[in-house]
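Geometric and topological summary
Given next are the chains, with one letter for each unit.
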Amino acid sequence: MTKTIERKILLNPGPATTTDTVKYAQVVPDICPREKEFGDVMKFICEELTRFVADPKGYAAVLLGGSGTAAVEAILSSVVGQDTIIIINNGSYGKRMCQIAEIYGLNFIEFKSSGYDAINLEALQDLIENCKTRVSHITVVHNETTTGLLNDIKAIGVLCSKYSIDLIVDAMSSYGAVPIDMKEMNISYLASSSNKNIQGIPGVSFVIANKQKIESIKEIKPRNFYLNLYMQYKYFLENSQTRFTPPVQTLYALKQAIIELQNEGIEKRYERYSNLWERLIEGITRLGLKYLVDRKNHSKIITTIVEPQCDKYDFDEMHDYFYKAGITIYPGKINNMKTFRIANIGDICEKDIDLFLSLLEGYLKSIA
Ligand SMILES: *Cc1c(COP(=O)(O)O)cnc(C)c1O
């Protein structure tokens, strides 16, 4: 088991670079996921995932086989009744929530906001006050992975508390790094997945929910079968099993990733990521490149960089040049602007950022 696996540096926003110990944690004896032994593994996972953001006495994690979007879809389709949900959209992932709400026929209002600037909370408050129907939920992406804009979920939580609204947070790309306290921030439901800051293997998404809130959604008529949040929650509570076959090996890797996050600590992990970000920003600035989103609103986890102004520049060529060197970079996702993205998450260190920067310098020289 000491064989090392070729190390790749993933600078895409997840799946992230994992440790070898996480990779090898998947190699386990075959086991039926309905065995108690495996139920205990899942119980550990649920409890510890919850503990990173809330007290497991009042909050619970619900595991779902699937990518992160499964958790977001499970929440949106399961917790909203006939009342109105406001969906804050300041990037592709906010837009995705609107698409989900549309498909399920939810009564939703899209609250569009700039992809670079902080949300206008007064405008949001006006919208709540002037809404003709009752607003029962607001949903927002914490770290909008499109740009790296970090939304002020705490302030939105305060607004929600004033109007007795339940807050839903897509914390996919912030959970495990940016500290979150669900109770203090008044968050009822939070979605994340195994393969971003938690540094596990893709395949598991999860919802962390306020137990009182999730108990109350049993009255809502299910809109789907597989992704129904209440059914999944209830079944696991009673059986310590998921309703359907879980990604067994991915869960063993997740358990190991959780232990490694506990050892590093969320604050320390975010400090490591933030330091890598500072190094990245210092380097690209030195090379004459600009990035979107001001420092004060930046998550320091993923950065949208404006493409160099040069005829010979070609993202795909640059991608392949990096890929050959063992580094994966990511295209931009903003319609009217030519950008690319660099994430600084996962089991990476300063040396990796330095390697990226020196290769980038070489690429920019080659096209100058
Ligand atoms: C990664 C991500 C998702 C989920 O994407 P999947 O491809 O389904 O894993 C959802 N929201 C945000 C903000 C993300 O960064």
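Just so it is clear, the model here is predicted, and its values are computed rather than measured.

1. What to know about unusual backbone geometry
Cis geometry marks the peptide bond from Gly14 to Pro15; its omega dihedral reads -5°. With respect to the helices and strands, the residue Pro15 is situated in the loop between strand 1 (9-10) and helix 1 (20-24). Of note, Val293 is a non-glycine position whose phi angle comes to about 70°, a positive value. Position of Val293 relative to the elements: it lies in the loop between helix 10 (266-286) and strand 11 (302-306). Note on Val293: relative accessible area 7%, which makes it buried. For Lys300, which is not glycine, the phi dihedral falls at a positive 65°. Along the chain, Lys300 falls in the loop between helix 10 and strand 11. You can call Lys300 buried: its relative accessible area is 18%.

2. Examining the packing of aromatic side chains
Counted by the stated rule, this structure contains eleven aromatic pairs. Centroid distance Tyr321 to Phe322: 5.3 Å. Interplanar angle 75°. Geometry classified as edge-to-face. Residue Phe322 is classed as buried on the basis of its relative accessible area, which comes to 0%. Within the aromatic cluster, the residues linked to one another by ring pairs are Tyr313, Tyr321, Phe322, Phe356 and Tyr363. Between Arg243 and the ring centre of Phe225, over which it is positioned, the NZ or CZ distance is 5.0 Å. Positioned above the aromatic ring of Phe44 is the side chain of Lys255, whose terminal nitrogen or guanidinium carbon lies 5.3 Å from the ring centre.

3. Quick notes on the layout of surface pockets
Considered as a void within the structure, the largest pocket measures approximately 390 Å³ in volume. Taken together, 16 residues form the lining of the largest pocket, with Asn90, Gly91, Ser92, Lys333 and Asn335 sitting closest to its centre. Here the lining of the largest pocket is composed, by residue class, of two nonpolar, eleven polar and three charged. Taken as a whole, the second largest pocket spans an internal volume of roughly 310 Å³. What lines the second largest pocket is a set of 21 residues, among which Thr69, Tyr93, Arg96, Met172 and Lys196 lie closest to the centre. Residue composition of the lining of the second largest pocket, by class: nine nonpolar, nine polar and three charged.

4. A short note on the site of the ligand
Neighbouring residues of the ligand: Ser67, Gly68, Thr69, Tyr93, Arg96, Val141, Asn143, Thr145, Asp170, Met172, Ser173 and Lys196. Thr69 places a side-chain nitrogen or oxygen 2.5 Å from an oxygen atom of the ligand. One of the side-chain N or O atoms of Thr145 is found 2.5 Å from an oxygen atom in the ligand. In the complex, 84% of the free accessible area of the ligand, which totals 380 Å², lies under the protein chains. More than half of the atoms of the ligand fall within 2 Å of the grid points belonging to the second largest pocket. Mapped by element, the contributors of at least two residues to the shell around the ligand are helix 3 (68-79) and helix 4 (92-103). Tallied by class, the residues present in the shell around the ligand amount to three nonpolar, six polar and three charged.

5. What about the pattern of salt bridges?
Two side chains with opposite charge may pair up if their charged atoms get near one another. Tallying each qualifying case throughout the model produces 19 salt bridges. The partner of Asp40 in a salt bridge is Lys36, with the nearest N and O atoms 2.8 Å apart. Within this pair, Asp40 and its partner Lys36 are both found in helix 2 (residues 36-51), separated by four residues, close to a single helical turn. When its relative accessible area of 35% is taken as the criterion, Asp40 is described as partly exposed. Across the pair Arg279 and Glu350 runs a salt bridge whose closest N-O atoms are separated by 3.5 Å. Placement of Arg279 in helix 10 and of Glu350 in helix 12 (residues 350-367) is noted, with a sequence separation of 71 residues between them. A residue is classified by how much of its surface remains accessible, and Arg279, at 30% relative accessible area, is partly exposed.

Rules of the game
Residues numbered from 1 in each chain as written. Predicted model: local features only at pLDDT ≥ 70, side-chain atom pairs only at ≥ 80, totals over all residues. Heavy atoms only, no water. Helix = DSSP H or I, 4+ residues; strand = E, 2+ residues; numbered from the N terminus. Buried < 20%, exposed > 50% of the residue type's maximum accessible area, 1.4 Å probe, protein only. Phe/Tyr/Trp six-rings, centres within 6.5 Å; stacked < 30°, edge-to-face > 60°. Lys NZ or Arg CZ within 6 Å of the ring centre and 35° of its normal. 1 Å grid on protein atoms, 1.4 Å probe; cavity = no way out; pocket = protein on both sides within 12 Å on 5 of 7 lines; lining within 4 Å. Points joined across faces, edges and corners; volume = space filled by probe spheres on them. Nonpolar A, V, L, I, M, F, W, Y, C, P; charged D, E, K, R; others polar. Near = heavy atom within 4 Å. Polar contact = N/O pair within 3.5 Å; in protein donor to acceptor, adjacent residues only side chain to side chain. Areas by Shrake-Rupley, 256 points an atom, 1.4 Å probe, with all protein chains shown as cover. Sits in = over half its atoms within 2 Å of the grid points. Salt bridge = Lys/Arg side-chain N within 4 Å of Asp/Glu carboxyl O.

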